[in-house]
Protein chains: 2
Amino acid sequence: MKVTIGDVANKAGVSKTTVSRILNGNFNHNTEETKKRVLEAIEELKYRPNSLAKGLKSMRTNVIGIVLSSFKNTFWATVLEGVEDTCRELGYNIMICSSGDDPELEEEYIREFQMRQVDGIVINPTALNTKLYNELVEIKFPMVVINRKVNDLHAHNVVVDNIRGAFMAVDHLLKNGRKHVAAFAYKNKYVSTWQERLEGYRAALLANGYSSSNFKIVEIDKEEISVKESIIRFVEENPDIDGIFSTNNVITLEIFEVLKEMNLKIPEEIAIVSYDETDWAKHLDPSLTTVRQPAYDLGKVSAKLLIDTIQSKKFDPNKVILQPDLIVRKSSSKP
Amino acid sequence: MKVTIGDVANKAGVSKTTVSRILNGNFNHNTEETKKRVLEAIEELKYRPNSLAKGLKSMRTNVIGIVLSSFKNTFWATVLEGVEDTCRELGYNIMICSSGDDPELEEEYIREFQMRQVDGIVINPTALNTKLYNELVEIKFPMVVINRKVNDLHAHNVVVDNIRGAFMAVDHLLKNGRKHVAAFAYKNKYVSTWQERLEGYRAALLANGYSSSNFKIVEIDKEEISVKESIIRFVEENPDIDGIFSTNNVITLEIFEVLKEMNLKIPEEIAIVSYDETDWAKHLDPSLTTVRQPAYDLGKVSAKLLIDTIQSKKFDPNKVILQPDLIVRKSSSKP
DNA sequence: ATGAAAGCGCTAACAT
DNA sequence: ATGTTAGCGCTTTCAT
């Protein structure tokens, strides 16, 4: 049933070595004649090399692992596309999993990937397994940390500039005449993403002549209160708000709903700018101004960096910061 | 550097066989004492079995491959979640790829998966590689075809009832007083999904006393015309339309935009029902009535079926049809 | 209850 | 230009 390299060798009347050489493009030293015979034998027997055996011998699998927090987000789907395209181009396959931001699951999956001898991993870390991350760096396991930062970790890191993205968003609101701008984020002090977007928010206020007493930050603890409820509460308690910067598009959808229910006009009474750009942003009513992150590039750059590391065995941590841009639509028009 | 089963054996003062047995839970015949010593050695050496070697020997990798058309869609992200949860539960890992509905790429990826000795695949087929699919069935390669049907293929198939979903959508429009209902779909005669949704549309019209002369079907050929343009053209040429059934949510977003630009009120003048349910459907203005497909279950059932097949080696094709449901919102309210 | 030895399918150093 | 041989790390008969 299973046809092996030995079968091909027999059929072609040569040794396994010769077949192996031709298979791997080392036929500098082969007669056209033998090459032809081997290729024919492969064709006739429909031989397909067993990657397991190859990997066991060569200590390389040409598989990389990718650990995401969740698949359910256009952003990650697009990152994955970038990773996939790069991997295909360079001859790698992908094993995938999602941690759901659960550190134990994250560790379990990483261990699994290691046992499967993946050549390296791309990971959006929970940021809660510091010891594990450092162990991986220690043993020089090729790894690219994406999207989030892990403090003091001596590893490759590819992120999008969240401070800048948030700054652009909030600066845009202020420059367009908004005076009381609030920021909404999920509460999670371990995830650099949210923290940095809030930092960008603060920076924009300060740069526009406001002081820290003007900061209006809503950090939503999903365990304690629903997103919707916390928005309602905030808006009721802060009737002077005329601009909102939302760090996440699930929150944004809730904000749209709440404001409509409260009969607050967007953008006349309250302007909105949101992370991230999505398929539906331009179709909302009013169309949504967004901070677009270069998700595809994030995937592409990360995969490329990982594979370079695998192939060159160089490990000086590389820190790459990609830039987002602002897509201005109607939700942030002048009042 | 690398610690192998031999190192553990040495450290514990036993043979590799014994370590292997304990590793795989075959310690019916082992002293508590040896078991303990081996476990300790594993712990101390931080030994992790090499799955490649294991797979090479045992002819099982506990990896399945999944071939999608694209990741960029909540539907597929959710399917993937179902697959992942099931795989984790049953001890399998996932290799992933997307074909972009390109049959050559699809074949390339399947071959790759075979060489990597995946135990089986879950595939949303382009439906254009009939010969390949049949070859896989022929060699009894465990495979579950999902979401789409392939004519005359003797393989497992898990789909959602598209005729029924479309019927429910259109019947709902008609029962709520709409008289002239059109259907929008991508033009692709190979993909059963679109074909069946149009069939459901026709069935609903007939069941409500209309004849085939009342069918208004727009099949959009993306090569020839933009989605938006084809919607505009149709609506201009058919001013009597008062209901639209959209088979795809990208088309739906464009429909919303066009109707707003043409100042046609939803749902007063035109009602809309759309595939699929998404995060944003309830936040559109007006909120969108959708046909929800059990995506998570689709993933779960498919993965379970695949793994059962792998483990039991039974191959009588299993045809599973899951049922969608209708989520009624404002976009389809009575005129 | 434990071990020795063969071998899964491939590659690569070392012949020839 | 091609072949011989020795493993890669594991499981699995078959002994003991």
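Residues numbered from 1 in each chain as written. Chains lettered and ligands numbered in written order. Predicted model: local features only at pLDDT ≥ 70, side-chain atom pairs only at ≥ 80, totals over all residues. Heavy atoms only, no water.

(A) Region of interest: the packing of aromatic side chains. In this structure the tally under the stated criterion is 10 aromatic pairs over all chains. Their ring planes at 75° and their centres at 4.9 Å tell us that A:Phe75 and A:Trp76 sit as a pair that is edge-to-face. The burial state of A:Phe75 is the same as that of A:Trp76; both residues are buried. Over the face of the ring belonging to A:Tyr186 we find A:Lys222, whose NZ or CZ atom lies 4.0 Å from the ring centre. Taking the ring centre of B:Tyr275 as reference, the NZ or CZ of B:Arg197 above it sits at 3.6 Å. (Phe/Tyr/Trp six-rings, centres within 6.5 Å; stacked < 30°, edge-to-face > 60°. Buried < 20%, exposed > 50% of the residue type's maximum accessible area, 1.4 Å probe, protein only. Lys NZ or Arg CZ within 6 Å of the ring centre and 35° of its normal.)

(B) Quick look at the interface of chain B and chain A. On the chain A side, the residues contacting the 48 residues of chain B number 48 residues. Buried surface at the junction of chain B and chain A, summed over both partners, amounts to about 4800 Å²; 59% is from carbon and sulfur atoms. It is B:Leu52, B:Arg116 and B:His283 that lose the most area in chain B upon contact with chain A, and together they represent 15% of the buried surface on that side. Where chain B packs against chain A, one counts 4 salt bridges. Note that B:Lys260 and A:Asp285 form a salt bridge whose closest N and O atoms lie 3.7 Å from each other. Summed over the shared surface of chain B and chain A, the result is 20 residue pairs in polar contact (both at pLDDT 80 or more). Elements with a contribution of two residues or more to the side of chain B that touches chain A: helix H4 (51–58), helix H5 (74–90), strand S2 (93–98), helix H6 (103–115) and helix H11 (249–261) of chain B. At 8 residues, H6(B) tops the list of elements feeding residues into the side of chain B that touches chain A. Residue composition of the side of chain B that touches chain A, grouped by class: 21 nonpolar, 11 polar and 16 charged. Two strands pair when backbone bridges link them, and strand S2 (residues 93–98) of chain A and S2(B) are joined in this way by 3 bridges, in the antiparallel orientation. (Contact = heavy atoms within 4.5 Å. Buried area = accessible area lost by both parts, 1.4 Å probe. Salt bridge = Lys/Arg side-chain N within 4 Å of Asp/Glu carboxyl O. Polar contact = N/O pair within 3.5 Å; in protein donor to acceptor, adjacent residues only side chain to side chain. Helix = DSSP H or I, 4+ residues; strand = E, 2+ residues; numbered from the N terminus. Nonpolar A, V, L, I, M, F, W, Y, C, P; charged D, E, K, R; others polar. Pairing = 2+ DSSP bridges.)

(C) Inspection of the sheet that holds strand S8 (residues 243–246) of chain B at higher detail. Residues and elements named next belong to chain B. With respect to topology, 6 strands assemble into an open sheet ordered S7-S6-S8-S9-S10-S12, the strand pairing being mixed. With one partner strand each, in any of the chains shown, strand S7 (217–220) and strand S12 (325–327) form the two edges of the open sheet. Looking at each pair of strands side by side, their axes are set apart by 20° on average, direction ignored. By the bridge criterion, 4 bridges tie strand S6 (residues 181–186) to S7 in an arrangement that is parallel. Considered in S7, the bridge of Ala183 is made with Ile217. Contacts from helix H8 (residues 162–175) reach S6, S8, strand S9 (271–275), strand S10 (289–292) and S12, with the element oriented near 170° to S9. (Axes fitted to C-alpha atoms, helices over the stretch in contact; angles between N-to-C directions.)

(D) A look at the environment of A:Arg37. Residue and element names in this part refer to chain A. On the secondary structure map, Arg37 appears in helix H3 (residues 32–45). Of the residues examined, Arg37 reaches a relative accessible area of 32% and is grouped as partly exposed. Taking C-alpha positions, Arg37 is 35 Å from Ile310, a pair spaced 273 residues apart along the chain. Not counting residues up to four positions away in its chain, the partners in contact with Arg37 are Ala12, Gly13 and Val14.

(E) Local environment of the nonpolar core. Counting 71 residues, the largest nonpolar core has A:Phe184 and B:Phe184 as its most contacted members. Other than its neighbours up to four places away in sequence, A:Phe184 contacts A:Val218, A:Ile220, A:Ile231, A:Phe234, A:Ile244, A:Phe245, A:Ser246, A:Thr247, A:Ile251 and A:Ile255. Core analysis: the second largest hydrophobic core is formed by 55 residues, A:Val158, B:Phe71, B:Val122 and B:Val160 among them. (Core = buried A, V, L, I, M, F, W, Y, C linked by side-chain atoms within 4.5 Å.)

(F) Highlighting the environment of A:Glu112. All names here are of chain A. Note on placement: Glu112 falls in helix H6 (residues 103–115). Owing to a relative accessible area of 23%, Glu112 belongs among the partly exposed residues under this scheme. In this structure the C-alpha to C-alpha distance between Glu112 and Gln293, which are 181 residues apart in sequence, comes to 31 Å.

(G) Just the protein's contact with DNA strand C, in detail. Neighbouring residues of DNA strand C: 26 residues in total, closest A:Ile5, A:Tyr47, B:Ser15, B:Arg21 and B:His29. Near the protein, meaning within 4 Å, the atoms of DNA strand C are sugar or phosphate in a fraction of 58%, with bases accounting for the rest. Within the backbone of A:Ile5, an N or O atom sits 2.3 Å from a phosphate oxygen of DNA strand C. Elements that contribute at least two residues to the surface near DNA strand C include exactly helix H2 (16–23) and helix H4 (51–58) of chain A together with helix H2 (16–23) and H4 of chain B. Among the elements that make up the surface near DNA strand C, the one with the highest residue count is H2(A) (4 residues). Classifying every residue of the surface near DNA strand C by side-chain character gives 7 nonpolar, 13 polar and 6 charged. (Near = heavy atom within 4 Å.)

(H) Inspection of empty space enclosed by the protein at higher detail. Applying the stated rule across the entire model yields 4 cavities of 30 Å³ or more. By volume, the largest cavity is sized at about 190 Å³. What lines the largest cavity is a set of 14 residues, among which A:Leu52, A:Arg116, B:Leu52, B:Val63 and B:Arg116 lie closest to the centre. For the lining of the largest cavity, the secondary-structure elements that each account for two or more residues are H4 of chain A together with H4 of chain B. Looking at the lining of the largest cavity, its residues break down into 8 nonpolar, 4 polar and 2 charged. There is about 60 Å³ of room inside the second largest cavity. Lining the second largest cavity, in full, are A:Leu68, A:Phe71, A:Trp76, A:Ala77, A:Leu80, B:Leu68, B:Phe71, B:Trp76, B:Ala77 and B:Leu80. Breaking the lining of the second largest cavity down by element, the ones donating at least two residues are helix H5 (74–90) of chain A together with H5 of chain B. Of the residues assigned to the lining of the second largest cavity, the class counts are 10 nonpolar, no polar and no charged. (1 Å grid on protein atoms, 1.4 Å probe; cavity = no way out; pocket = protein on both sides within 12 Å on 5 of 7 lines; lining within 4 Å. Points joined across faces, edges and corners; volume = space filled by probe spheres on them.)

(I) The arrangement of the relation of the copies chain B and chain A in detail. In the superposition of chain B on chain A (RMSD 0.1 Å, axial shift 0.0 Å), the rotation amounts to 180°. Taken together, the rotation and translation relating the two chain copies correspond to the operation of a two-fold axis. The rotation axis passes nearest to the C-alpha of B:Met95 in chain B, at a distance of 2.1 Å. By residue overlap, the copies meet face to face through one surface: 100% of the interface positions of chain B are interface positions in chain A. (Least-squares fit on C-alpha atoms with pLDDT ≥ 70 in both.)

(J) Main features of the protein's contact with DNA strand D. DNA strand D sits among 26 residues. The nearest are A:Thr17, A:Arg21, A:Lys57, B:Ile5 and B:Tyr47. Per the 4 Å cut-off to the protein, sugar and phosphate atoms form 60% of the nearby atoms of DNA strand D. Within the side chain of B:Tyr47, a nitrogen or oxygen atom sits 2.5 Å from a phosphate oxygen of DNA strand D. One of the backbone nitrogen or oxygen atoms of B:Ala53 is found 3.4 Å away from a base nitrogen of DNA strand D. Ranked by residue count, the leading element in the surface near DNA strand D is H2(B), at 4 residues. Classifying every residue of the surface near DNA strand D gives 7 nonpolar, 13 polar and 6 charged.

Function cannot be inferred from these measures alone, as they are strictly geometric.
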